[in-house]
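Residues per chain are reported as follows:
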Amino acid sequence: MNNVLTNIDPHESATFMATRARLLDKRRFEVLFRDGDPAAALAALEGYRNPDGGYGHGLEPDCRSANSQPGGALHAFEVFADAGPATSPRAAELCDWLASISLPDGGIPFALPMPDPVGSAPFWAGADPSVSSLQITAIVAFTAQRVAAHDPAVAAHPWLAKATRYCLDEIEKLEEAPHALVLAFAMKLVDALGDVRLVEKLGRFIPDDGVVAVGGGIEGEAMRPLDFAPVPDGPARKLFRPDVVEADLRRVADGRHDDGGWRVDYTSYSPAAALEWNGLFTVNTLSLLRTNGLA
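The notes below deal with the structure included here. Computed from a predicted structure; not experimentally measured.

**Description of the overall build of the chain**
Link 1 in the chain: Assigned secondary structure in the chain consists of 14 helices and two strands.
Link 2 in the chain: Taking 19 Å as the expected radius of gyration for a compact globule of 295 residues, we find that the chain reaches 18 Å, a close match to that expectation.
Link 3 in the chain: Its C-alpha atoms give the chain principal-axis dimensions of roughly 50 × 45 × 35 Å.
Link 4 in the chain: The buried share of the chain, reckoned over its 295 residues, is 55%.
Link 5 in the chain: Once local pairs closer than 6 in sequence are excluded, the contacts in the chain between residues at least 24 apart make up 64%.
Link 6 in the chain: Of the accessible surface of the chain, which amounts to about 12,700 Å², a share of 54% is contributed by carbon and sulfur atoms.
Link 7 in the chain: Both charge centroids of the chain, one from 26 positive and one from 40 negative side chains, sit 2 Å from each other.

**Some points on the nonpolar core**
A general feature of soluble globular proteins is that nonpolar side chains tend to end up buried together.
Link 1 in the chain: The biggest cluster of nonpolar side chains holds 92 residues, and the ones touching the most others in it are Phe77, Phe80, Leu94, Leu98, Val140, Trp159 and Phe228.
Link 2 in the chain: Excluding anything up to four places from it in sequence, phenylalanine 77 contacts Ala91, Leu94, Cys95, Leu98, Val140, Thr143, Ala144, Val147 and Trp159.

**Focus: helix H2 (residues 23–33)**
Link 1 in the chain: All of the buried residues in H2 are Leu24, Asp25, Arg28, Phe29, Val31, Leu32 and Phe33. Down the axis of H2, the buried side of the element spans an arc of 165°, and every buried residue falls inside it.
Link 2 in the chain: In this fold, the buried residues of H2 make contact with helix H1 (14–20), helix H3 (38–46), helix H4 (70–83) and helix H14 (271–291).
Link 3 in the chain: Immediately beyond the C-terminal end of H2, within one or two residues, lies aspartate 35, with a positive phi of roughly 55°.

**A few points about the environment of leucine 103**
Link 1 in the chain: Examined against the element boundaries, leucine 103 turns out to sit in the loop between helix H5 (89–101) and helix H6 (122–125).
Link 2 in the chain: Judged by its relative accessible area of 17%, leucine 103 is buried.
Link 3 in the chain: With 27 residues separating them in the primary sequence, leucine 103 and serine 130 have C-alpha atoms 7.6 Å apart.

**Comments concerning the side chain of serine 68**
Link 1 in the chain: As for its position among the elements, serine 68 is in the loop between H3 and H4.
Link 2 in the chain: On the basis of relative accessible area, serine 68 is assigned to the buried category, the value being 4%.
Link 3 in the chain: Within the structure, the side chain of serine 68 is placed 3.0 Å from the side chain of asparagine 50, a separation counted as a polar contact.
Link 4 in the chain: Engagement of the side chain of serine 68 in a polar contact is seen with the backbone oxygen of glycine 54, the distance being 3.5 Å.
Link 5 in the chain: Excluding its chain neighbours within four sequence positions, the residues that come into contact with serine 68 are Asn50, Asp52, Gly54, Tyr55, Gly56, Trp97 and Leu112.

**Here we look at helix H13 (residues 242–254)**
Link 1 in the chain: Helix length check: H13 (13 residues) gives 18 Å between terminal C-alpha atoms against 18 Å at 1.5 Å per residue, within 8%.
Link 2 in the chain: All buried positions along H13 are accounted for by Val244, Val245, Asp248, Leu249, Arg250, Val252 and Ala253.
Link 3 in the chain: At its buried positions, H13 is contacted by helix H12 (225–228) and H14.

**Looking at the pattern of salt bridges**
Link 1 in the chain: Here the structure, examined in full by the defined rule, presents 19 salt bridges.
Link 2 in the chain: Where aspartate 25 meets arginine 22, a salt bridge forms, and the shortest distance between an N and an O atom there is 2.7 Å. Exposure class is identical for aspartate 25 and arginine 22. Each is buried.
Link 3 in the chain: Within the structure, one salt-bridge network assembled from shared partners comprises Arg22, Asp25, Arg28, Arg64, Asp82, Arg146 and Glu276.

**Quick word on the packing of H2 against H4**
Link 1 in the chain: Two numbers describe how H2 lies on H4: the axes approach to 9 Å, and their chain directions differ by 25°. It follows from the interaxial angle that H2 and H4 lie roughly parallel. In terms of crossing hand, the pair formed by H2 and H4 is left-handed. For the pair formed by H2 and H4, the contact residues are Leu24, Arg28, Val31 and Leu32 on the first element and Glu78, Val79 and Asp82 on the second.
Link 2 in the chain: Broken down by class, the residue content of the contact of H2 with H4 amounts to four nonpolar, no polar and three charged.

**Quick notes on the environment of proline 225**
Link 1 in the chain: Position of proline 225 among the secondary structure elements: in helix H12.
Link 2 in the chain: Taking the C-alpha atoms as reference points, proline 225 and aspartate 35, 190 residues apart in sequence, are found 30 Å from one another.
Link 3 in the chain: Setting aside anything within four residues of it in sequence, one finds proline 225 in contact with Asp209, Gly210, Phe240, Val244 and Asp248.

Conventions adopted
- Residues numbered from 1 in each chain as written.
- Predicted model: local features only at pLDDT ≥ 70, side-chain atom pairs only at ≥ 80, totals over all residues.
- Heavy atoms only, no water.
- Helix = DSSP H or I, 4+ residues; strand = E, 2+ residues; numbered from the N terminus.
- Rg over C-alpha atoms; globule rule 2.2 N^0.38 Å.
- Buried < 20%, exposed > 50% of the residue type's maximum accessible area, 1.4 Å probe, protein only.
- Contact = heavy atoms within 4.5 Å.
- Areas by Shrake-Rupley, 256 points an atom, 1.4 Å probe, with all protein chains shown as cover.
- Lys, Arg positive; Asp, Glu negative; His and termini not counted.
- Charge placed at Lys NZ, Arg CZ, Asp CG, Glu CD.
- Core = buried A, V, L, I, M, F, W, Y, C linked by side-chain atoms within 4.5 Å.
- Arc of directions from axis to C-beta.
- Polar contact = N/O pair within 3.5 Å; in protein donor to acceptor, adjacent residues only side chain to side chain.
- Expected span 1.5 Å × (residues − 1).
- Salt bridge = Lys/Arg side-chain N within 4 Å of Asp/Glu carboxyl O.
- Axes fitted to C-alpha atoms, helices over the stretch in contact; angles between N-to-C directions.
- Parallel < 35°, antiparallel > 145°, perpendicular 65-115°, else oblique.
- Left-handed = near helix turned anticlockwise from the far one by under 90°.
- Nonpolar A, V, L, I, M, F, W, Y, C, P; charged D, E, K, R; others polar.

All quantities given are derived from atomic positions and should not be read as evidence of function.
See below:
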């Protein structure tokens, strides 16, 4: 690992994106780092959309089902966020779809029944559709909040308010540390909302080094400081000492391979997913580094 924290040049990942990434993530890379046309990214996203307004067809790489899924909604909102300040009516239509699958408490199930589970991770294929999931609701709502920052139709949509309220209520009820992914996704949401009290509540479940092992994951898989506090000026960043944040930024920056890309540190459940995660994760990592002034 380097001893000096240095900037990462996103353009050094261009060859990787051209040779290892799906079209959608190439378009996202172009929008974020090459003055690409947001309309091109939105057009690439359209291939994953279903007539009901949701997204499937492997938009979430480890959920290969063609039918619309909450995981697809997450990644669709990522594209709508990248496209900003441009907006698309599809974002509000996605909120309509999420409202249609929401449960009475305002949460959404981790996944919906899928008639075609081949290639999907067992946690997607075997999810209980009758139970709200704080994990998926929090990360979808967090990403929708990113879109809402520039899209008034999403900001005013009643689904987003109801889903956010569900998450805040569930976080209030937590009395012991939840699964690492639940903790990270819930923290991202309350950090984005600027809810200092709930940030501090969740912070009690995070050790000083910011490393929380992912139960059921591969060896060494963990949520780390930047997974909890990705934004420099958010309240969650105050949970960590500056040297802890700097070390994690260095870890992320040093994770780039010689070919210009980053690799996920968790299991992929199909050959297609293993390939598709490459580009998706590389774009998201570069975006994280740029948010922190390093790309």
